[in-house]
Structure formats: C-alpha cells, structure tokens
Amino acid sequence: MRLTKFYLPVMKETPSEAQIASHRLMLRAGMMRQEGAGIYAWLPLGFRVLKKIEQIVREEQDRAGAVEMLMPTIQQADLWRESGRYDAYGKEMLRIEDRGGREMLFGPTNEEMITEIVRAGMRSYKDLPKLLYHIQWKFRDEVRPRFGVMCGREFLMKDAYSFDFDDESGRRSYNKMFAAYLRTFERMGLKAIPMRAETGPIGGDLSHEFIILADTGESAVFCDKRLIEMPVPQKDTDFDGDLQSIVDQFTAHYAATDEMHDEAEFEKTVEEENRIAARGIEVGHIFFFGTKYSKPMKAMVAGSDGKDVPIQMGSYGVGVSRLVGGLIEAFHDDDGCKWPMAVTPFHAGLVNLKAGDAETDEACEKIYRELEAAGVEVLYDDTPARPGEKFARMDLIGLPYQIVIGPRGVKSGNAELKRRSDGEREDIALDAVASHVSALVRDALVYD
Ligand code: 5CA
C-alpha cells in the first residue's frame, strides 16, 4: 500500500479528551475517529487491526468446533419480553420504534434471538450438541462511555452460544470455549487470565472473565502469579476430547475480579510472593446458564424417552473492538504503538527518505514490489514529507519493522532495518532486504 493512496490522518497534538494511552494513540495514529459519545468510525489503519483480531478469533472458534453465522443488529422487543429481559435490561438498551409503531431495539447481546432460532430447528437430543457464533456490532447505552473503544456504546463482539442436552455436556461446551479463549488471546501476544466473575444481566452460576493485566484497566483483580506462566493448549488439542484437565489446571489457582474477591481465601491459598493485586481489562467473558432462556422461551428437544426437556445453554463473548485498545495498552511506548506481528496493520513500513530522487525511488519501488510479491504487507511511505516527520509517523503507527532507504544508502547499497519493539537497527544489502524481511515476518507468524 502506498501512503500517497492510503488515508492516514495522524495528529501531532495529544487529544485532550483522551485519558489513556490506547485512546490517545488510536486518535493520533489515525486509526479511528469519534462520531458520537462511544461511537467510532474505523479509519483504514484501525480497520486493518480490527480485521486481524476478528480473524484470529474466528480461526480459534472454528478450531474449537463452533460454526459461524450472522444475526441482525436490530431485534424485536417481543423476543425480549419472552425471556423477561426487555424490562430488566433497563436504560442500557437502545430502544427504537419502526414506522409501524413496532418496538425494536439495537441488540446489546443475542441470547434471545439465538434461542428463537434454535427452537425452530432443533427437535431431538440427536440435534445436539451445537456451538454457533457470530461477530456482530452491539449497542449498549453505557452510562459513562470512555477510554475510546475500551468502553464504547457501539462495539464489535464475537458471541458464541452452546446448546446441549444435559448439564454434563453443557459443561464440556463451556470447557471448549475456555480452552479456545486461552489460545485466542495468546496468539495476539496477550496473556489473558481466566477469573471468577459475576454474571450480571446475562445470568447463570458458572462464569469466567478473561482479563489482561494493565494499569489502566477498569477492574481491580487478584490472582496467583503462576497463572501468568501457565502454558496454553496447543494447536493439536482435541477439542472433542476431555478438556476438563486444562480448565482444572487454570482454576486451581486463585484468580478473581473485585466483586468476587475473597481476601481471606486469597491470603490463605496464595503465598505472599505469588500474590498479584492489579488492574485488568476484560477482553472476554464466558457463561453457562443452563435453561435460563430455553425454559421461558420453550426451546425444547425430545430425549431418548420422547419427553421434551429445555436445552442447556451457555454464551461466550470476546470484545473484538475492545481488544484493539487492550493490545495498545499492552504494546506501546512514548512514541507510539508497537504492534505484535499477528495483529499489526502492516508487517513493515518502507520509508523513502527522498521521494522524487530517481535513484532512491527506483530502489524503493523494487523493494516494494519484491515485498508485495513475497506476501509481506507493506506500507510504502512515498510521500514528499521530511525524514523527521516520516520517522515520527512510522514510530507512531508502530509497524514491527521499518525499512529506511535514502540516497546515501542507495550509493552504499544498503537499507537500514529498524525493529520497532526494541529500536534495534541493522544495515541490510538492498538486494537482500525483501527476502530478509519476509523471513522475519514468516517466523513471527508461526504459532502452535
Ligand atoms: N452474551 C454475553 C456473552 S456472548 C455477553 O454479552 N457478555 S459480556 O457482556 O460480558 O460482553 C462480552 C465482551 O464484550 C466483554 O468481555 C467485553 O470484552 C466486551 N464488551 C462489553 N461491553 C463493552 C463495551 N461497552 N465496549 C467495548 N467492549 C465491550
């Protein structure tokens, strides 16, 4: 991608409304633009990150055996009257009336709708178990939308729903999502710790929040340090097999959010040197709530004895748009973002220090073509801006590698390669740059 074609409205000044790093950097790096309280337009750079996160979430859902679908954003109020949540949900729900005076709403979540869908199509225990998910925009009229995409009103969520015949099988589905989440966040370079959590308006009695530790996080959390080192399930994990040992391994150590915290238990079960009391960002939340929706909404299947029973259900959310902010909180410095390879908007930036100079242009164009041919996603700064401005902009948007080429380098036959994560620089021969960088990118994307 040529920067002269791209749309990258970076800001020099720090926006005053932004209180945390990720909000500031997303605005400054031209990733998004606020269009209303808690409502953001995703500009091309931010959109690329959002898509990468979405794709990792999708791949790990698919691996765990969940099946993708897409439900609408607008729902009928009557559906929510069936579950009793239409009134209970309160002011967080954005209520709309259509031209016929019918009450509608912008979905804050989809338990009711998915229950309506499966009750029409599932008849017998033989139709179970099933795991369905979608990745769709939600709207919650939060009292205090803030911190940019971290607590928005319109936000992108992956929500999965499980359907099982009995409690035991329901818990197996829960375990699948538990294991899939560990992999999902690890692939993005994040350490998300499953913690005991309250179930709030979704309901049920079995629930874990997946939390990444960050000083700017909204929740106070308490956990055992050993959870951070715990290895996550590998690629070849059999998701149809027994995953209980994985769940047991993680839940054996103390980890709880503020609301569920028990200081006495914490002190009793975790040695002092292993205690972490910190702040965290909730990037996922899973629930098993049995028949909370299937019973009132009459989503039933016949058992082997021919008797109808309500389906056992769970729901499993990932904050896809919140993760863009969460990742920046985890990976940035004073100069800007420092994207991990798995979610970076481009793998590398190519900086032409003297656009318009025939020889420099020629060297850059050649490397640009070679990188693209090798499948490297490259943002080519072919603008006439001054070097200082180009360097600052590249640091701000935080691509993992910067390839810098100027007239002096062309003469000596070298490009400078800078690694954004630690600032390390090295000279690479111009004709070796593309293969060198494509090998670095390939190696960084290997994940078991
Ligand atoms: N139906 C269930 C799970 S599918 C559900 O809605 N769970 S939730 O309320 O916990 O939301 C799931 C995830 O969405 C959260 O873990 C969080 O990462 C994200 N999320 C929730 N509210 C917001 C918000 N206002 N802004 C950004 N992300 C949010």
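Residues numbered from 1 in each chain as written. Predicted model: local features only at pLDDT ≥ 70, side-chain atom pairs only at ≥ 80, totals over all residues. Heavy atoms only, no water.

Colleague: Got a minute to help me understand the sheet that holds strand S4 (residues 74-76) in this structure?
Modeller: By definition, the strands of a sheet pair up through backbone hydrogen bonds, in either a parallel or an antiparallel sense. Read from one edge to the other, the open sheet built from three strands follows the order S4-S6-S5, with strand pairing classed as antiparallel. The open sheet is flanked by S4 and strand S5 (94-97), the only strands paired with a single partner. Neighbour-to-neighbour, the strand axes of the sheet open up by a mean angle of 40°, direction not taken into account. Where S5 meets strand S6 (residues 103-106), four bridges bridge the pair, whose relative direction is antiparallel. When the bridges of S6 are listed, Glu 97 appears paired with Glu 103. (Pairing = 2+ DSSP bridges. Helix = DSSP H or I, 4+ residues; strand = E, 2+ residues; numbered from the N terminus. Axes fitted to C-alpha atoms, helices over the stretch in contact; angles between N-to-C directions.)

Colleague: Explain the site of the ligand here, please?
Modeller: Lining the immediate surroundings of the ligand are 22 residues, of which Thr 109, Glu 111, Arg 140, Glu 142 and Glu 282 lie closest. The contact in question runs from an oxygen atom of the ligand to an N or O atom on the side chain of Arg 140, over 2.7 Å. In the environment of the ligand, an oxygen atom lies 2.5 Å from a nitrogen or oxygen atom belonging to the side chain of Glu 282. Protein coverage of the free-state accessible area of the ligand, which is 600 Å², stands at 95%. Secondary-structure elements contributing two or more residues to the shell around the ligand are strand S8 (154-164), strand S13 (275-290) and strand S16 (312-319). Per-element accounting of the shell around the ligand gives the leading share, five residues, to S13. (Near = heavy atom within 4 Å. Polar contact = N/O pair within 3.5 Å; in protein donor to acceptor, adjacent residues only side chain to side chain. Areas by Shrake-Rupley, 256 points an atom, 1.4 Å probe, with all protein chains shown as cover.)

Colleague: What am I meant to see in a negative patch on the surface here?
Modeller: Judged by side-chain charge, Asp 262, Glu 263, Glu 267, Glu 272 and Glu 273 come together as a negatively charged surface patch. Mapped onto the secondary structure, Glu 267 falls in helix H9 (residues 263-269). (Patch = residues over 30% accessible without salt bridge, like charges linked within 9 Å, V, L, I, M, F, W, Y side chains within 5 Å. Salt bridge = Lys/Arg side-chain N within 4 Å of Asp/Glu carboxyl O. Lys, Arg positive; Asp, Glu negative; His and termini not counted. Charge placed at Lys NZ, Arg CZ, Asp CG, Glu CD.)

Colleague: In this structure, what is going on with the environment of Leu 445? I would like to understand it.
Modeller: Its place among the elements puts Leu 445 in helix H14 (residues 433-445). The sequence separation of Leu 445 and Met 341 amounts to 104 residues, and the corresponding C-alpha distance is 6.6 Å. If we skip the residues at most four places from it in the chain, Leu 445 touches Met 341, Ala 342 and His 347. (Contact = heavy atoms within 4.5 Å.)

Colleague: So what exactly am I meant to see when it comes to helix H6 (residues 167-187) here?
Modeller: When the terminal C-alpha atoms of H6 are compared, their 31 Å separation across 21 residues agrees well with the 30 Å that a helix rising 1.5 Å per residue should span. Within H6, 16 of the 21 residues are buried, which leaves it mostly tucked inside the rest of the structure. Just downstream of H6, Gly 189 is the residue with a positive phi angle, here 90°. (Expected span 1.5 Å × (residues − 1). Buried < 20%, exposed > 50% of the residue type's maximum accessible area, 1.4 Å probe, protein only.)

Colleague: Would you mind going over the domain arrangement of the protein chain with me for this structure?
Modeller: One widely used convention gives an interface's size as the accessible area the parts lose upon coming together. For the protein chain, the assigned domains read domain 1 (21-337) and domain 2 (348-444). One C-alpha centre belongs to domain 1, the other to domain 2; they are set 39 Å apart. Between domain 1 and domain 2, the contact holds 10 residues from the first and six residues from the second. Both sides of the domain 1 and domain 2 interface together cover about 700 Å² of buried area, and 50% of this is carbon and sulfur. Counting the surface domain 1 buries against domain 2, the share from its top three residues, Leu 45, Asp 335 and Cys 337, is 51%. Applying the counting rule to domain 1 against domain 2 returns three salt bridges. Here Glu 377 ties to Arg 48 by a salt bridge, and the two come within 3.7 Å at their closest N and O atoms. Joining domain 1 to domain 2, the criterion identifies four residue pairs in polar contact (both at pLDDT 80 or more). The set of elements that each furnish at least two residues to the side of domain 1 that touches domain 2 consists of helix H1 (21-28), helix H2 (44-63) and strand S18 (336-337). (Domains from an automatic or database assignment. Buried area = accessible area lost by both parts, 1.4 Å probe.)

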